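# Per-entry structural report
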Amino acid sequence: MIALDIIFYIFVAIVFIQLFYYLIFLRTFAFLAQQKPQPKDLPVSVIVCAKNEEENLKLFLPSLLNQDYPNFEVVLINDASRDETLAVFEHFSEQYNNIKIVDVKNTEAFWANKKYALTLGIKASKYNHLLFTDADCKPVSSQWISEMTSAFDNQKSIVLGYGAYAKIKNSLLNKIIRFETVLTASQYFSYAKLGMPYMGVGRNLAYTKSLFFEANGFINHMNVRSGDDDLFVNQMATSKNTALCFTTESFTESVPKKTLTAWINQKRRHISTVSHYKKSHKFLLGLFYSTQLLFWVLAIVLLSLLFQWEIVVGLIGLRILVQWLIMGKTAKKLDEPDLVFFIPFLEFFLILLQLTIFISNKISKPHTWK
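Because the structure is predicted, anything quoted here is derived from the model rather than measured. (Residues numbered from 1 in each chain as written. Predicted model: local features only at pLDDT ≥ 70, side-chain atom pairs only at ≥ 80, totals over all residues. Heavy atoms only, no water.)

## Some details on the overall build of the protein
For the protein, the helix and strand inventory stands at 12 helices and 10 strands. Taking 2.2 N^0.38 as the reference for a compact globule, 370 residues should give roughly 21 Å; the C-alpha atoms of the protein span a radius of gyration of 21 Å, in line with that estimate. The principal-axis extents of the C-alpha atoms in the protein amount to approximately 75 × 45 × 40 Å. By residue count, 55% of the 370 residues in the protein fall in the buried class. Residue pairs in contact within the protein that sit at least 24 positions apart in sequence constitute 84% of those at least 6 positions apart. (Helix = DSSP H or I, 4+ residues; strand = E, 2+ residues; numbered from the N terminus. Rg over C-alpha atoms; globule rule 2.2 N^0.38 Å. Buried < 20%, exposed > 50% of the residue type's maximum accessible area, 1.4 Å probe, protein only. Contact = heavy atoms within 4.5 Å.)

Rendered as structure tokens:
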């Protein structure tokens, strides 16, 4: 009984830690109103790094090139592709005069290193304000550039945006992918609003070229295969230089993985960068995810033994209710309303998958970005 008492009190403590995160941290973004600044018509370089993306480029490049914006170039980086990516670039450059192609060859020192390819593209760009997206992404509106760049000002040199994933009907995996994306966005938006920016996503991210050179590019983490987006933001973002943009017109939409194995491999690359975050960020994020896991593990243990089950059920209900309120509001804000009803179930499945990814990364490290 003493052991069960200890487990019970640990469970109570974990519930209150989780409530603290939702009510203090994540509510910050959930109840934040988007202040829509006036368009600034800054000259912008849109940066797209592609590796073996010929089919996606055919579909999505027109949505970039036909943006309703007066002064922008599109820097297309071919990162040593083995398919016809370069030919697709050249085809579009014959139709649009604002395309700049950077053809990157593999080198022994930077073999299959996206950061090396991005560095060459950034150096080749014409303008100081840079807007990044991926080759398998499309802006959801023709106002994407206008919305994202409107958040720049004399102090703000980083703009964090939201990169959604396309919806696939009747797919549990797709719902898990989109829920994980919403949860991640709620965290990096909330932390940034609280003055602790720690990451952004390369599917929809903007910063200045001058800030890139101030950081000496990606030199501090060039040996880490992933992290051209989150590690750069973690290094350079401050409470004063970081802005948020989450109007619906500013979103991008990416092609989601269609198999569990492909998604796990993708997340393995993403999660491998977390160990390089600042210590304060690692502690706060680690505490959230560990208590999230322990909440479900200890709840199942206590309920299976019917130990203090009335109190346990009440605490589970309270935590789920608060989560539903905060994450439900966030999901609606990020145009993912179909996830709201399933949030507790999606969290449970996501935790199991994250545990699998964590164990896989401990056994072996992912080595390439594609």
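## Looking at the pattern of salt bridges
Taken as a whole and judged by the stated rule, the model has 11 salt bridges. In this structure, lysine 100 engages glutamate 73 in a salt bridge whose closest nitrogen and oxygen atoms are separated by 3.8 Å. With a gap of 27 residues between them, lysine 100 in strand E3 (residues 99-104) and glutamate 73 in strand E2 (residues 72-79) connect regions that are remote in the sequence. Since its relative accessible area comes to 29%, lysine 100 is described here as partly exposed. For lysine 267, the salt bridge goes to glutamate 180, with nearest N and O atoms at 3.1 Å. (Salt bridge = Lys/Arg side-chain N within 4 Å of Asp/Glu carboxyl O.)

## Here's the deal with the packing of helix H1 (residues 2-30) against helix H10 (residues 279-304)
At a minimum axis separation of 9 Å, H1 and H10 run at an interaxial angle of 135 degrees. Considered as vectors, H1 and H10 are oriented oblique to each other. For the pair H1 and H10, the crossing hand works out as left-handed. Counted by class, the contact of H1 with H10 contains 21 nonpolar, 3 polar and no charged residues. (Axes fitted to C-alpha atoms, helices over the stretch in contact; angles between N-to-C directions. Parallel < 35°, antiparallel > 145°, perpendicular 65-115°, else oblique. Left-handed = near helix turned anticlockwise from the far one by under 90°. Nonpolar A, V, L, I, M, F, W, Y, C, P; charged D, E, K, R; others polar.)

## Let's talk about the pairing of E3
Looking at chain direction, E2 and E3 are connected through 6 bridges and run parallel. Within the sheet, the bridge partner assigned to valine 75 lies in E3 and is lysine 100. As a crossover connection, the stretch from E2 through helix H3 (residues 85-93) into E3 is right-handed. (Pairing = 2+ DSSP bridges. Right-handed = clockwise from strand over helix to strand, strands pointing away.)

## Here we look at unusual backbone geometry
One non-glycine residue, leucine 306, lies in positive phi territory at about 55 degrees. Relative to the helices and strands, leucine 306 is located in the loop between H10 and helix H11 (309-333). Leucine 306 sits in the exposed class, given a relative accessible area of 59%. Even without being glycine, glutamine 308 reaches a positive phi, approximately 50 degrees. When you line up the elements, glutamine 308 lands in the loop between H10 and H11.

## Side note on helix H9 (residues 260-271)
When the terminal C-alpha atoms of H9 are compared, their 16 Å separation across 12 residues agrees well with the 16 Å that a helix rising 1.5 Å per residue should span. Of the positions making up H9, those classed as buried are Trp263, Ile264, Gln266, Lys267, Arg268 and Arg269. (Expected span 1.5 Å × (residues − 1).)

## A few points about the packing of aromatic side chains
Under the criterion given, the structure shown has 28 aromatic pairs. Between the aromatic rings of phenylalanine 11 and phenylalanine 295, the centroid separation amounts to 5.8 Å while the plane-to-plane angle is 20 degrees, which identifies the pairing as stacked. Of this pair, phenylalanine 11 sits in helix H1 while phenylalanine 295 sits in helix H10, and the two are 284 residues apart along the sequence. Accessibility assignment for this pair places phenylalanine 11 and phenylalanine 295 in one class, buried. Between phenylalanine 212 and phenylalanine 218, the ring centres sit 5.1 Å apart and the planes meet at 75 degrees, which makes this aromatic pair edge-to-face. Take phenylalanine 218: its relative accessible area is 1%, and that puts it in the buried class. One aromatic cluster in this structure is built from Phe20, Tyr21, Tyr22, Phe25, Tyr191, Tyr198, Tyr277, Phe288 and Tyr289. Across from the ring centre of phenylalanine 295, 4.4 Å away, lies the NZ or CZ of arginine 319, which sits over that ring. Here lysine 333 stacks its cationic end above the ring of phenylalanine 29, 4.8 Å away from the centre of that ring. (Phe/Tyr/Trp six-rings, centres within 6.5 Å; stacked < 30°, edge-to-face > 60°. Lys NZ or Arg CZ within 6 Å of the ring centre and 35° of its normal.)

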